[in-house]
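Structural overview for review
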Amino acid sequence: MSSTRRGFLKGILGTGAAGAAASTLPGCAPDIDPAPVTDISASAQGTVDILVSRYPDLEPVGGALTVRVPGTETVPLLVVHSKDDGAPDDFSVLSSICTHVGCPLGYDGKDVICPCHLSRFNARDGAVLQRPATVALQTFSSEYNVNTGVLRINLRAGQSDFPPAVAGEVVLPLSQFPALRDVGGSVTGVPDGYGRRIFVFRMQDGSLSAVDSICTHLNCEVEHRTQEADLFCACHASIFTLDGAVTQGPATRPLKRFTVSETPDSVVLTGVA
Ligand code: FES
Ligand code: FES
């Protein structure tokens, strides 16, 4: 691996994760480069605006850019200017970190490609097209304004059928989420205003737990395994308890936890920000 690429890995992933990714790079990896990196701050509302004409690596159809968002927990974003359907100004925004062992991703004008071990992902929905990666890339909501030439990424977009986060609070009415009345019950969704999946569980002792879904290893999304009663990260097999503690690495830090309280007719999460 060239010192340039090793430096790039450190720059985008940080020293520890870069070391893990770099140690798995094959010596004969073809020279497919990760997308160039830039830093763009988010607004207070969690939007990132990109004036496309300012970024020559992104402006042409087939271009791509890695966007880090300083001061947020957001994974670096891969923004691609696709040419599907022949549309000249069509953009997709995905996680820029390969779900195999965490290399930064590039774009060949058609698919998202990992330079390390050549996994391929669909540039639209992040689906795996070629292994060794087995887990899809995270995608982010975005909208391109043809009049202003600005691509707006909404980091906090959520599901319309799940309660939004307002001032860091999510209220789950028990009439809408009756599973939370029962021991062993659970609900999951992405609150608008937060933009990341959360899980809420009624634990065996009757208490409630609410945790973020983003794995603390390399930012893949964990899944709830009902049989095992745990949270499993399919990227590198970390396992967490339903209240977020690590029971199996490589993750070493717990999932982000939210404070949970109850009223007679709702469950209230705070700290969802
Ligand atoms: S890190 Fe191995 S294919 Fe991406
Ligand atoms: S991202 Fe590596 S174990 Fe979850």
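Scope of this entry: the structure provided in the associated data block. (Residues numbered from 1 in each chain as written. Chains lettered and ligands numbered in written order. Predicted model: local features only at pLDDT ≥ 70, side-chain atom pairs only at ≥ 80, totals over all residues. Heavy atoms only, no water.)

Attention shifts here to the state of the cysteines. What the rule picks out here adds up to two disulfides. Disulfide partner of cysteine 103: cysteine 116, at an S-S distance of 1.8 Å. Around the S-S axis, the bridge from cysteine 103 to cysteine 116 shows a dihedral of about -90 degrees and counts as left-handed. One end of the pair, cysteine 103, is in the loop between strand S5 (90-95) and strand S6 (106-107); the other, cysteine 116, is in the loop between strand S7 (111-113) and strand S8 (120-122), with 13 residues separating them in the sequence. Taken individually, cysteine 103 and cysteine 116 each receive the classification buried, so the pair is uniform in this respect. Residue cysteine 220 pairs covalently with cysteine 235 via a disulfide, S to S 1.9 Å. Note on the cysteine 220 and cysteine 235 pair: the S-S dihedral is about -85 degrees, so by sign convention the disulfide is left-handed. Of this pair, cysteine 220 sits in the loop between strand S15 (208-212) and strand S16 (223-225) while cysteine 235 is found in the loop between strand S17 (230-232) and strand S18 (239-240), placing the two residues 15 residues apart along the sequence. Cysteine 235 shares its class with cysteine 220; the two are buried. (Disulfide = S-S within 2.5 Å. Helix = DSSP H or I, 4+ residues; strand = E, 2+ residues; numbered from the N terminus. Buried < 20%, exposed > 50% of the residue type's maximum accessible area, 1.4 Å probe, protein only.)

Before going further, it helps to examine the environment of glutamate 59. Of note, glutamate 59 is situated in the loop between strand S2 (47-51) and strand S3 (64-68). Here glutamate 59 is in contact with Val52, Ser53 and His81, once residues within four sequence places are set aside. (Contact = heavy atoms within 4.5 Å.)

Moving on, we get to the sheet that holds S6. The antiparallel open sheet is built from four strands, whose spatial order is S6-S7-S8-S9. Looking at strand neighbours, the two that pair on one side only are S6 and strand S9 (128-130), the edges of this open sheet. As defined by bridge partners, S7 adjoins S8 across three bridges and the pair is classed as antiparallel. Within the sheet, the bridge partner assigned to valine 112 lies in S8 and is phenylalanine 121. (Pairing = 2+ DSSP bridges.)

The sheet built from seven strands is open, its strands ordered S1-S3-S4-S5-S10-S11-S2 with mixed pairing. Of all strands in the sheet, those with a lone pairing partner are strand S1 (37-39) and S2, marking the two edges. On average, each strand axis in the sheet is inclined to that of its neighbour by 25 degrees, with strand direction left out of account. (Axes fitted to C-alpha atoms, helices over the stretch in contact; angles between N-to-C directions.)

Right, let's get into unusual backbone geometry. Geometrically, the link from arginine 131 to proline 132 is a cis peptide bond, its omega value of 25 degrees lying close to zero. Checked against the element boundaries, proline 132 lands in the loop between S9 and strand S10 (139-145). Residues glycine 249 and proline 250 are joined by a peptide bond in cis, for which omega reads 20 degrees. Looking at where proline 250 falls in the secondary structure, it is placed in the loop between strand S19 (246-248) and strand S20 (257-263). Positive phi outside glycine occurs at alanine 167, with the angle close to 50 degrees. Inspection of the secondary structure assignment puts alanine 167 in the loop between strand S11 (150-154) and strand S12 (169-173).

Next up on the list: the nonpolar core. Soluble globular proteins: nonpolar side chains tend toward being buried together. Within the largest apolar cluster, 19 residues are counted, with the highest numbers of intra-cluster contacts made by Ile50, Leu58, Val67, Leu77, Val79 and Ile153. Elements that contribute at least two residues to this core include exactly S2, S3, strand S4 (77-82), S5 and S11. When sequence neighbours within four positions are dropped, the list of residues in contact with leucine 77 reads Leu65, Thr66, Val67, Val69, Val93, Leu94, Ser96, Phe140, Ile153 and Leu155. Core analysis: the next-biggest nonpolar cluster, separate from the first, contains 17 residues, Val200, Leu208, Phe258 and Val267 among them. (Core = buried A, V, L, I, M, F, W, Y, C linked by side-chain atoms within 4.5 Å.)

So, about the packing of aromatic side chains. For the structure shown, the criterion picks out four aromatic pairs. Ring geometry for phenylalanine 91 and tyrosine 144: centres 4.9 Å apart, planes at 45 degrees, overall tilted. Within this pair, whereas phenylalanine 91 is found in strand S5, its partner tyrosine 144 is found in strand S10, the two being separated by 53 residues in sequence. Between phenylalanine 199 and phenylalanine 201 the ring centres are 6.0 Å apart and the planes differ by 10 degrees, which places this aromatic pair in the stacked class. (Phe/Tyr/Trp six-rings, centres within 6.5 Å; stacked < 30°, edge-to-face > 60°.)

Glancing now at the side chain of serine 238. In this fold, serine 238 is placed in the loop between S17 and S18. For serine 238, the residues in contact, after removing those within four places along its chain, are Cys215, His217, Leu231, Phe232, Cys233, Gln248, Gly249, Pro250 and Ala251.

Note that threonine 216 resides in the loop between S15 and S16. Within the structure, the side chain of threonine 216 is placed 2.5 Å from the backbone oxygen of arginine 253, a separation counted as a polar contact. (Polar contact = N/O pair within 3.5 Å; in protein donor to acceptor, adjacent residues only side chain to side chain.)

A few words now on the environment of valine 79. Here valine 79 is to be found in strand S4. On the basis of relative accessible area, valine 79 is assigned to the buried category, the value being 0%. It is 8.7 Å that separates the C-alpha atoms of valine 79 and serine 95, two residues lying 16 residues apart in sequence. Not counting chain neighbours up to four residues away, the residues in contact with valine 79 comprise Ile50, Leu58, Gly63, Ala64, Leu65, Val67, Phe91, Ser92, Val93, Leu151 and Ile153.

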